[in-house]
Amino acid sequence: MALKIVKGSIDRMFDKNLQDLVRGIRNHKEDEAKYISTCIDEIKQELKQDNIAVKANAVCKLTYLQMLGYDVSWAAFNIVEVMSSSKFTYKRIGYLAASQCFHESTDVIMLTTNQIRKDLSSPNQYDTGVALTGLSCFVTPDLARDLANDIMTLMSHTKPYIRKKAVLIMYKVFLKYPESLRPAFPRLKEKLEDPDPGVQSAAVNVICELARRNPKNYLSLAPLFFKLMTSSTNNWVLIKIIKLFGALTPLEPRLGKKLIEPLTNLIHSTSAMSLLYECVNTVIAVLISLSSGMPNHSASIQVSFSRHAHTFSLKYLGLLAMSKILKTHPKSVQSHKDLILQCLDDKDESIRLRALDLLYGMVSKKNLMEIVKKLMLHVDKAEGTTYRDELLTKIIDICSQSNYQYITNFEWYISILVELTRLEGTRHGHLIASQMLDVAIRVKAIRAFAVAQMATLLDNAHLLTGNTQRNGICEVLYAAAWICGEFSEHLEEPMVTLEAMLRPKVATLPGHIQAVYVQNAAKLFATVLRGHEGVPADSMVAQETSQLLIDRLPLFVQSSNLEVQERASCILQLVKYIQKLQQKDVEVAEEVTALFAGELNPVAPKAQKKVPVPEGLDLDVWINEPPSGSESEDEGRKSKGKAVFAKEESRHTKPRYTEVDEKELAKRREVRKAEQANNPFYIKASPSSQKVRRDGVGVEHIPVVQIDLSVPLKVPGMPMSDQYVKLEEERRERNKADKKKKKDKKKREKGEKGRRRRGDSGPESEEDITPAHMVDIVTEEMPEVGIYTWSLPHWTFSLPLSESTARHLNPCLFPSQKSSTHKKKKQKKEKKKKKHHHNHSDGAGDESVQNGTVEEEEPLPVSNQSPFTLSINPCPLCQIPVCDIQGNLQDGSQVVVSVIFENKCDSFIKSMEFNVLDSLNSKLQRPDGAGPHDGLIVPFQLPPGISNEARFIFSVQNIVMPQKLKGTLTFIVKTDDSSTHEKLDFKLHFTCTSYLITTPCYSDAYSKLLESGDLKGCSLKLEGVNQPFHHLLARICFHHHFSVVERIDSCASMYSRSIQGHHMCLLVKTADQTVSIDAKCDEPGLLGNVLDEIKLTFSQC
Amino acid sequence: MQFMLLFSRQGKLRLQKWYVPLSDKEKKKITRELVQTVLARKPKMCSFLEWRDLKVVYKRYASLYFCCAIENQDNELITLEIIHRYVELLDKYFGSVCELDIIFNFEKAYFILDEFLLGGEAQDTSKKNVLKAIEQADLLAEENRPRQFFFSLLS
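The rules behind the values
Residues numbered from 1 in each chain as written. Chains lettered and ligands numbered in written order. Predicted model: local features only at pLDDT ≥ 70, side-chain atom pairs only at ≥ 80, totals over all residues. Heavy atoms only, no water. Helix = DSSP H or I, 4+ residues; strand = E, 2+ residues; numbered from the N terminus. Buried < 20%, exposed > 50% of the residue type's maximum accessible area, 1.4 Å probe, protein only. Areas by Shrake-Rupley, 256 points an atom, 1.4 Å probe, with all protein chains shown as cover. Pairing = 2+ DSSP bridges. pLDDT = per-residue confidence, 0-100. Contact = heavy atoms within 4.5 Å. Polar contact = N/O pair within 3.5 Å; in protein donor to acceptor, adjacent residues only side chain to side chain. Arc of directions from axis to C-beta. Patch = residues over 30% accessible without salt bridge, like charges linked within 9 Å, V, L, I, M, F, W, Y side chains within 5 Å. Salt bridge = Lys/Arg side-chain N within 4 Å of Asp/Glu carboxyl O. Lys, Arg positive; Asp, Glu negative; His and termini not counted. Charge placed at Lys NZ, Arg CZ, Asp CG, Glu CD. Core = buried A, V, L, I, M, F, W, Y, C linked by side-chain atoms within 4.5 Å.

1. Brief notes about the overall build of chain B
Along its length, chain B carries 5 helices and 7 strands. Starting at the N terminus, the α and β elements of chain B follow one another as β-β-α-β-β-β-α-α-α-β-β-α. Residue burial in chain B is summarised as follows: out of 155 residues, 59% are buried. Within the structure as shown, chain B displays about 6800 Å² of accessible surface, and the carbon and sulfur contribution to it stands at 53%.

In structure tokens form, the structure reads like this:
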């Protein structure tokens, strides 16, 4: 026996250790796989031995192989064996192997629970340490649940080495087993003030990470963190704290004001870039939107940043930060234009791309041409097609953004597009083509120029189609052919273009382009006929053209592309017929042109909604009685209809249901709504849903504006976009001069000059720049607010006026004095609203004002105190400090009471029993089989100084009246030598507020609710309230579970719903220290009580 | 931090630490993809790149690339600092560390990393503390290693 062991040990001496393995692998570069497979066989032998040292060595080697990508999952059990060795050397290797190889689905993990628990409580701190480290990598929900308590105990270990590890690993435990958070939190909070800085920073780390997931629960820690922030000198901790505040500030705007000073101090004093970066990021993310004083700061921050931007990494981060500033303060970034343009020359592509992103946001009317010129230079220089393509798309994006807002000269833009077609190998021919089409269609004034350019393009098509199939740029010909055909009346020499379009080479183009060629050749043919008929000398030309078509079209008739073939043969027959008529000297031009008559007008994508519903058509009535299908099918159809028409909560009665009375119907609707609200697959009706207007608005009311040109139109040959830069400058000079002149003869000019800008929304310096052409405006969303019609000397158009259009419409649409004042008023109002909005939302909702109503604002808790306190006799031993009562969303008759038990004495408390004397109305829900007077056993024990939370469910029948329930808590206090039975009486106060559930409500649904007339009113006056209105609202929201529906100045409407579905609407108005609340609810009793409670809330402050 | 990878200029993985549970297949895929992306970058490029929905921070020390993936709100610069701190720790422990040290003592490199980071968060910002902990753990390991050897030889 002994001999065998000795033999084993001697064998072991010849075993490979890790170093040998590594060396071996390096020496067997050619047949690595083979070598490793022999090694794995050896390892398998080694694992079979009893000697733990051999096993550990084998496991160590396996860990290495695992990294090289070999599967070692078969050895999982051996790893567990090594983990459970009593020797630290092997244990450490075992845990390392486990942390590298185990994952959630490794089944042997279940076997480790007890071993880990043993190691955690080992007297040797390093045993505990490796166990914690290992656990942090492979913790599963089961392990987390089983070990949470052990780790929690370790958080108060005597050695800081263990404490900090235990605190850090708690985060992983919380993620896997969220229930552990509540009991562990008090201790975690304690660790924020641990004497050891390592433990403290670990606690900050964990809380910061938790708060990022759910900031609301950590608001109460803000003062503590604030203290830490001003006292700590550890940059690592500071970064985490600042990040934490970044998460908290959106919830509590007042924090922002407090933060400004310490943050600016840090920014100016710190030498650590990482800290500076974090501060800047936080300032940008949350503070800028809150404070009007901030822009100056941000500018200074940014300057300091760009000054440091000498290394690549910082340059990148600087650009990143700027792009964030850009969103709120474009002006302060615009001053760094040169710096950003420099970044385009950077070697690093990611820096260049960032810079491009920034440029997109920076352009204005003034600098667009300059920026694009620079970009065009880069396009020529750029290496690699991906970056060049990126540049190309950016150029187009920059130019076309917000409806070509920044383009003052479309000739220039067309030239840019044409220049871009010379790029080789780009994939974005399609994009360029669609831009050409868009501009040519929408900017009427540019058509002649565009057509001339496109004709040249067609003529030089061979240049573009060097190697046709791979070259995406030939897509441009699609646009060129279409534009030349559609607007052929602008062509100088249609014959030449027609000839170019029918060249045999065209047949090599992709099918869809050929099809367009054929179709547009026909259009050109019509134009040629019209030009030449009637004049006897020219009739020959017309006939020649017909002959040309008849000669060339057969090529396309043979095309393998169906579309091309069909069009070609159709047109060929047509032309043949026309030729016959021509030979008989019949005039055909008129009739041929009629084939392609009709003007194309741009139409907004949502214009359909503007079309009024004809009289007598009810969209909600069934055209045919629906087949009596299954209920679910019917549901599906109904909801589909909702999505299409985007109608909020159809209140219409279907004929099918007409026999059902209103009440029943409402009930059903309620049920269905609740069901839909909980079903993630339902598309909810959008709050800004459009209503179909019946004001007789037709398609002709879509604003279409034409403006003539002030630039010479004809530029011969291929254009050079550069010349436009000069032209533009000249034009601006001229405009300035014009303007001066105009001032002198203001009166005469009035009403004539239509393109003057008024009520500008862009930077002031842009006011002088007038666009040379006007884009036909197609607003994204058709307005719904009001329609005003202006009559003007030159043209008439109607202008639907609302904030959403005000944004899109160029202000030069307001030629007369009258209209501009109107608009100003409107804008002022908008601004006012915006201001309010900014005051107490995080500013990210900037867009939400778009539809003219201030949308629901997030209520902000004024303080973090719970709305509910237990009135209890002070007891030295045990205390129930707070409890929170909330309605159960799932069940209309249930209320959940969460009670936090805290042990304030130094003895152990156990066997707690919670009992409440039921009333007729409210009953504590007890488990099945328990008698009506039995208490509920609290499922935990409390060591000294520990608190924990338990939840109890009460069933409630009537929610109209507030209630007080008496209860007792019995428990056993255990001291070292004795234990005593104690009792604690308390009262639970169910206010009516606690039956309310914060439910958001959209303003249109809200107004429908008020109009429905089944709500009873009641009102309340509060005198001497001198807090700001938004605080007041926040207070009502927070304490009484309301949500703000709409707020205008010092007046707000609020909404809440009870657990039994009662609607409650408030209209809160304030005027010098007096607050009046008009309330409506379908349950007057409940309403009265809630109002009393609101009154009480305000009398307490 | 989501994970940390160390790899050579040839693309050989030298160390990997995952702080998020992923299957082996996925880990391999991510590693391959990331090693390729990082190696393709030129020396004068910045140390950050956006990759999937994460940010990748990397730095090259001699022939080794240290590469970390962090979440979007995380601070890139402090991650660079963490990488540097780890290199310093390796350097102190091995005495002017080179790639071979990490290859042949890869478990040591892991132990140091585990003392420095736990679950992706820095557990101690003091280099001294980390080195002290690792030295003492090593001492403990040395203590029972030879004894075990003789014991098995003599019994």
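2. What to know about the pairing of strand β3 (residues 48–51) of chain B
Residue and element names in this part refer to chain B. With 4 bridges connecting them, β3 and strand β4 (residues 54–61) associate as antiparallel partners. Bridge pairing in β4 places E50 opposite K55. Two successive antiparallel strands, β3 and β4, enclose a turn made up of 2 residues, where R52 displays a positive phi of approximately 50°.

3. Looking at the confidence of the model for chain A
Residues and elements named next belong to chain A. Of all residues in chain A, 71% attain a pLDDT of 70 or more, and the chain-wide mean is 72. Overall, residues 7–11 carries pLDDT values under 50, and its contacts beyond four positions in sequence, including any with other chains, amount to 2 contacts. Here residues 631–658 is modelled with pLDDT under 50, and outside its nearest four sequence neighbours on either side it reaches 44 contacts, counting other chains as well.

4. Some thoughts on the side chain of S994 of chain A
Within the element layout of this structure, S994 of chain A appears in the loop between β12 (979–990) and β13 (996–997). Judged by its relative accessible area of 3%, S994 of chain A falls in the buried class.

5. Details of the environment of E33 of chain B
Residue and element names in this part refer to chain B. Residue placement: E33 occurs in helix α1 (residues 24–39). Between the C-alpha atom of E33 and that of W51, which follows or precedes it by 18 residues, the distance is 9.9 Å. Here the side chain of E33 touches R52 through a polar contact of 3.2 Å, side chain to side chain.

6. Considering helix α2 (residues 18–27) of chain A
Among the residues of α2 of chain A, those classed as buried are L18, L21, V22, G24 and I25 of chain A. With its buried residues spanning 160° around the axis, α2 of chain A presents them on a single face. Buried residues along α2 of chain A sit against α3 (32–48) and α4 (52–67) of chain A together with α3 (99–104) and α4 (106–116) of chain B. Regarding α2 of chain A, its N-cap is N17 of chain A, as a side-chain oxygen of that residue lies 3.2 Å from the backbone nitrogen of Q19 of chain A further along.

7. Points about a positive patch on the surface
Together, K25, K28, K29 and R32 of chain B give the surface a local cluster of positive charge. Inspection of the secondary structure puts K25 of chain B in helix α1.

8. Here we look at unusual backbone geometry
Look at H1041 of chain A: it is not a glycine, yet its phi comes out positive at around 60°. One can find H1041 of chain A in the loop between α41 (1029–1040) and β15 (1043–1048). Look at H1041 of chain A and you get buried, because its relative accessible area is 10%. Even without a glycine there, the phi angle at A62 of chain B is positive, about 50°. Secondary-structure assignment places A62 of chain B in the loop between β4 and β5 (64–70).

9. What to know about the nonpolar core
Counting residues in each nonpolar core, the largest one holds 278 residues, and the members touching the most others are F102 of chain A together with Y86 of chain B. Top contributing element to this core by residue count: helix α30 (residues 511–532) of chain A, with 11 residues. Beyond its immediate stretch of four places on either side in the chain, Y86 of chain B contacts M4, L6, L15, F66, A109, I112, L113 and F116 of chain B.

10. Thoughts on the pattern of salt bridges
Evaluation of the coordinates by the stated rule reveals 35 salt bridges over all chains. For K164 of chain A, the salt bridge is made with D124 of chain B, and the minimal N-O distance between the two is 2.7 Å. Placement of K164 of chain A in helix α10 (residues 160–176) and of D124 of chain B in the loop between β7 (121–122) and α5 (127–154) is noted, with the two residues assigned to different chains. Each member of the pair, K164 of chain A as well as D124 of chain B, is classed as buried. The residue R212 of chain A makes a salt bridge to D74 of chain B at a minimum N-O spacing of 3.0 Å.

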